Amino acid sequence: MKIAEPAAHGFDASRLAAIDTLLQTRYIDSGKLPNAQLLIARDGEIVHFSNVGAAREGGTSVDEGSLFRIASMTKPITSVAFMMLVEQGLVAVDTPVHHVLPEFKDIGVYDGGGGGVPFVTRPTAEPMRMVDLLRNTSGLTYSFQNRSNVDAAYREGKIEGWHGGYDLDGFIGALAKIPLEFSPGTAWNYSVATDVLGAVVQRISGLPLDQFFRERIFTPLKMDDTFFQVPAEKLDRLTDCYTLAPGKGRVMYDRGAESAWSRQPKLVSGGGGLVSTALDYHRFNTMLLNGGELDGARILGRKTLDLMTQNHLPGKSDLAAMSKSLFSEASNAGTGFGLGFAITDDVAKTMVPGSKGEFYWGGMFSTAFFVDPVERLSMVFMTQLSPSSFYPIRRELKTMIYAAMT
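To start, this report covers the structure provided alongside it.

About the thresholds
- Residues numbered from 1 in each chain as written.
- Predicted model: local features only at pLDDT ≥ 70, side-chain atom pairs only at ≥ 80, totals over all residues.
- Heavy atoms only, no water.
- Helix = DSSP H or I, 4+ residues; strand = E, 2+ residues; numbered from the N terminus.
- Rg over C-alpha atoms; globule rule 2.2 N^0.38 Å.
- Buried < 20%, exposed > 50% of the residue type's maximum accessible area, 1.4 Å probe, protein only.
- Contact = heavy atoms within 4.5 Å.
- Salt bridge = Lys/Arg side-chain N within 4 Å of Asp/Glu carboxyl O.
- Phe/Tyr/Trp six-rings, centres within 6.5 Å; stacked < 30°, edge-to-face > 60°.
- Lys NZ or Arg CZ within 6 Å of the ring centre and 35° of its normal.

Secondary structure assignment for the chain yields twelve helices and 16 strands. Whereas a compact globule of 406 residues would reach a radius of gyration of roughly 22 Å, the chain reaches 20 Å, a difference of no more than 12%. The dimensions of the chain, computed from C-alpha atoms along their principal axes, are 60 × 45 × 40 Å. With 406 residues in all, the chain has 58% of them scored as buried. Relative to all contacts within the chain whose residues are 6 or more apart in sequence, the contacts with residues 24 or more apart total 70%.

And the structure:
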């Protein structure tokens, strides 16, 4: 891995080093995080790459080969896969979802019932469209939201289990029997929408979703360490993963040596199933920054990327106004949503340095990325602790990265 001279790309090296000091003292030495890996690039050139903390309990440090569960950072990849099909003329952003997934034809909006009582529904004002899946305005939800009879039905049906009873088609069939929380396009809610989008990609392309990713995205981009199932010969590189337990602090969630990610999932999750490395995701980011191309491999057209990275929320709204979600991988004020990414629409409202038009997302195990097309800047941050919203580390990283620019 080649690391460019920071000063030659407009960075103060001592200020970049201060980020590593913060990660070490505030998060690793204190035991808040097991490890942290940070990659910062400008114009696709890596200007900073650092590792702190152990890859596994009592083991050696994370390094450039370490594999991390990227969870919802899978979502932008699934969204790119869908837009590749749009570019082929096989589907459109405003296509009703039921045109591809007929199971959704008669899905209604919750109007009563649940908890052992049959659901009462009313018709949707507008059909759910592909744009609703891409921007999280579908009316779908997540079982872990714990705020409605709809998400309770998700939990009762165990429909989100990657190693459960459903494959992708079975998941769609079960999901379509549960009402929507709201009429598509009227609110924003973090949800299984991108898993549904993965099913759309699979149905239209005729390829299993993992095969589509491998053939159409990962192989052309040389993302050789990104997969739903970690191959046996690479399992020694998979990091341990932790969660915060009430009253206990940080506890083991998934041990790298005997990880659930070493088995092929029955439900291939376009919303959260991938494992990757910082270097692989950096290649994905650089493709996005380059307008859809990297090292001669064109994944998307430049104008398609332009479309994806605009705010598509109705009325150019932001998440503060539209979100019904208890949880999101984004701060709400000043944040719009594009076709697969959160979009910084009003920098002042976010109260963090940045650029209008930058796009980003994160994952439940506290991984994160952003791409700033104005400054030609990108970042990948890796660690393995859920929930991702417990510490303000993403805000701190972003502030310090922009503060290091000269």
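On to the pattern of salt bridges, then. Pairs can form between side chains of opposite charge once their charged atoms are near each other. If you walk through the whole model with that rule in mind, you get 21 salt bridges. Each of Glu57, Arg255 and Glu258 takes part in one network of salt bridges that share partners.

Moving on, we get to the packing of aromatic side chains. Tallied over the full model, the rule gives 18 aromatic pairs. Between Phe337 and Trp361, the aromatic rings sit 5.3 Å apart at their centres with planes inclined by 90 degrees, giving edge-to-face as the arrangement. Of this pair, Phe337 sits in strand 11 (residues 335-337) while Trp361 sits in strand 13 (residues 359-362), and the two are 24 residues apart along the sequence. The class of Phe337 is buried, set by a relative accessible area of 2%. Accessibility expressed as a relative area gives 1% for Trp361, which makes it buried. Between the NZ or CZ atom of Arg69 and the centre of the ring of Trp261, over which it lies, the distance is 5.3 Å.

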